[in-house]
Amino acid sequence: MIHDYMVQAAALFRSHPSINILQCLTELVCFLLYIRAIPSRNISRVKREAAHAVFFAAIIALHLRNHMIAIYFPVYMLLCIAFVWLICNISLSKAIFRVCPFGLGMEFCRLLCRDGCLTLLLTKFSSAISDVVSICLCSILYFVLLVPSTIWMQKETKNFEKLNITAGQMVGFVFPLALYVAVRQSVFAWLATLTWPQWLQLEFLQLAILICSEFEIISAGRIATAQIERSELLEKQILMEKKQQQYTAQVASIDAVNRRYHDLKHYLTAVETMNTRELNASVLAMRQEIEAYECMQKTGSRTLDILLSERMCECQKKGIRLIPYIDARQIDFIHVTDLCVIFGNAMDNAIEATEKLEYVNMKEISIKIGVSEELLIMRFHNYYDGSLRYDGQTLLTSKADSGSHGYGLESIREAAAKYSGTVAYDAEGNEFSLNILIPIVK
């Protein structure tokens, strides 16, 4: 009967604890590999090591209790979910959603190679081969299936942290797992009466449930991730369009101002013919102000002149010293839209960080743009309060508008990448520098 073969199969693994431990350690290594990309929670090193030790001990103890094979999967899943939730910086729902694919894949490999079809078939025909060969064949096939499936699952779930899992989605994911556990428990409850055909049908039913549940979660994750990426792309496009619209409005405004100043020059020339000393002094002062304004815009690039003028006015209103060292005569190979994105987002970040500072002498932004050895170098330097926010590897803004978090720097990278450029930042103490290097295109 099936029951007798199950007892023999359990005894087969129980009689070789070293191989049992090796399988357990392989599962643990695969699990740690699977979750390594998840951002870690900010806890002390002692607490982290203690959590690892308790988790490892619990998994090994569970693995060695062969007579508890019927409840191995749900207990293993609960331990993994609790471990990920405790040490990783994700919510409980995301921990469940992230652990489920690995647990399903591992259970499929176990059911096929260790606790199901292959083991019982080898046990049934054990007279032909030795116990050591049987257990080694099961273990090798288990490793061959588990390791590649872990790598595949890690690749498929790497963006799952972005997802917002609803209660309805959680029910949809947990229901197939509950169904599998119920069928699994029924198999063990009916072992004494099952025939070989009935048992094989139930085994294939369990394998089918595991495969369907795995692909349900992976597919749902792919769809949700694609929707988020489309939403992010749309928001980036909207931000770029806003930058372009701002630039267009600035061009019209600067042209209008230049016409007014041109007319004013002729008016001042006429007024200077008067012999009033006080009037002449006032006219001279006004002319100096105009000349200073005109010199302020000349960077070598009309686009950058307009962008810089607008930012200088903004900084002046906010009490920020803007110090430009700019030679932009060779910057015209960069499209107007890309230049607006790079300069606009860099200045947005610098002004945002600087205007919050209390000390007046720290409210300063310096811009250096020039060419060195066939490279266009753009450097934005400013002071900040010393705190930076991250989402994984992404540097976040502190703006109240959370919908554009992290898009500024990412947009700069994308614009620079169009010209084979690189973007890097350096934060040390209370100083922040953004460096952009772009090869000159002639």
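Residues numbered from 1 in each chain as written. Predicted model: local features only at pLDDT ≥ 70, side-chain atom pairs only at ≥ 80, totals over all residues. Heavy atoms only, no water.

Draft legend 1. Spotlight on the overall build of the protein. For the protein, the helix and strand inventory stands at 13 helices and seven strands. For the protein, buried positions account for 43% of its 442 residues. Across the protein, the fraction of contacts at a sequence separation of at least 24, relative to all contacts at a separation of at least 6, is 75%. Split by element, the accessible area of the protein, about 23,300 Å² in all, is 61% carbon and sulfur. (Helix = DSSP H or I, 4+ residues; strand = E, 2+ residues; numbered from the N terminus. Buried < 20%, exposed > 50% of the residue type's maximum accessible area, 1.4 Å probe, protein only. Contact = heavy atoms within 4.5 Å. Areas by Shrake-Rupley, 256 points an atom, 1.4 Å probe, with all protein chains shown as cover.)

Draft legend 2. Summary view of the packing of aromatic side chains. Within this structure, the stated rule accounts for 13 aromatic pairs. Measuring from ring centre to ring centre gives 6.0 Å for Trp 152 and Phe 215, while their planes differ by 50 degrees; the resulting arrangement is tilted. Remark: Phe 215 occurs in helix α9 (residues 196–271) and Trp 152 occurs in helix α7 (residues 131–156); sequence separation between them is 63 residues. Judged by its relative accessible area of 32%, Trp 152 is partly exposed. What links up through ring pairs into an aromatic cluster is the set Phe 31, Tyr 34, Phe 55, Phe 56, Phe 83 and Phe 102. (Phe/Tyr/Trp six-rings, centres within 6.5 Å; stacked < 30°, edge-to-face > 60°.)

Draft legend 3. Molecular detail of the state of the cysteines. Applying the stated criterion across every chain yields a total of zero disulfides. Here Cys 313 is not cross-linked by a disulfide; its sulfur's nearest cysteine counterpart is in Cys 315, at 9.5 Å. Classification of Cys 313 as partly exposed rests on a relative accessible area of 35%. (Disulfide = S-S within 2.5 Å.)

Draft legend 4. Spatial organisation of the environment of Gly 370. Secondary-structure assignment places Gly 370 in strand β2 (residues 364–372). Note on Gly 370: relative accessible area 17%, which makes it buried. Note: C-alpha distance between Gly 370 and Tyr 325 (45 residues apart in sequence) is 8.2 Å.

Draft legend 5. Region of interest: the pairing of β2. Sheet topology note: the strand β1 (residues 321–326)/β2 ladder contains six bridges and is parallel. Residue pairing across strands places Pro 324 opposite Ile 367, the latter belonging to β2. Since β1 and β2 lie parallel, the crossover through helix α12 (residues 336–354) that links them has a hand, and here it is left-handed. As judged from the eight bridges shared by β2 and strand β3 (residues 375–383), these two strands associate in the antiparallel manner. Counted as the bridge partner of Lys 368 is Arg 379 from β3. The hairpin turn running from β2 into β3, its antiparallel successor, is two residues long, and Glu 373 in that turn takes a positive phi close to 50 degrees. (Pairing = 2+ DSSP bridges. Right-handed = clockwise from strand over helix to strand, strands pointing away.)

Draft legend 6. Here's a closer look at helix α3 (residues 45–64). In this model, α3 (20 residues) spans 29 Å end to end at C-alpha, consistent with the 28 Å of a helix rising 1.5 Å per residue. Turning to α3, its buried residues are Arg 48, Ala 51, Phe 55, Ile 59, Leu 62 and His 63. Along the axis of α3, the buried residues cluster in a sector spanning 100 degrees; they form a single face. Exposed residues on α3 whose side chains face more than 90 degrees from its buried face are Val 46 and Val 54. Buried residues in α3 make contact with α2 (17–35), α4 (72–87) and α5 (92–113). (Expected span 1.5 Å × (residues − 1). Arc of directions from axis to C-beta.)

Draft legend 7. Quick peek at the pattern of salt bridges. Applying the stated rule across the entire model yields 10 salt bridges. A salt bridge links Glu 364 to Arg 321; the shortest N-O distance between them is 3.3 Å. In this pair, Glu 364 sits in strand β2 while Arg 321 sits in strand β1, placing the two residues 43 residues apart along the sequence. For Lys 418, the salt bridge is made with Asp 338, and the minimal N-O distance between the two is 3.0 Å. Of this pair, Lys 418 sits in the loop between α13 (407–417) and β6 (422–428) while Asp 338 sits in helix α12, and the two are 80 residues apart along the sequence. The network of salt bridges with common partners includes Glu 310, Arg 311, Glu 314, Lys 318, Asp 348 and Glu 355. (Salt bridge = Lys/Arg side-chain N within 4 Å of Asp/Glu carboxyl O.)

Draft legend 8. Quick peek at a nonpolar patch on the surface. Judged by side-chain polarity, Trp 85, Leu 86 and Leu 92 come together as a nonpolar surface patch covering roughly 300 Å² of accessible area. Note on placement: Trp 85 falls in helix α4. (Patch = residues over 30% accessible without salt bridge, like charges linked within 9 Å, V, L, I, M, F, W, Y side chains within 5 Å.)

Draft legend 9. Region of the structure containing the nonpolar core. The biggest cluster of nonpolar side chains holds 47 residues, and the ones touching the most others in it are Phe 31, Tyr 76, Val 84 and Phe 102. When residues of this core are traced back to their parent elements, those giving at least two are α2, α3, α4, α5, α7, α8 (167–189) and α9. Counting residues per element, this core draws most heavily on α5, at 11 residues. Excluding anything up to four places from it in sequence, Phe 102 contacts Glu 27, Cys 30, Phe 31, Tyr 34, Tyr 76, Thr 150 and Met 153. Cys 340, Ala 346, Ile 351 and Ile 365 belong to the second-largest nonpolar core, a separate cluster that totals 40 residues. (Core = buried A, V, L, I, M, F, W, Y, C linked by side-chain atoms within 4.5 Å.)

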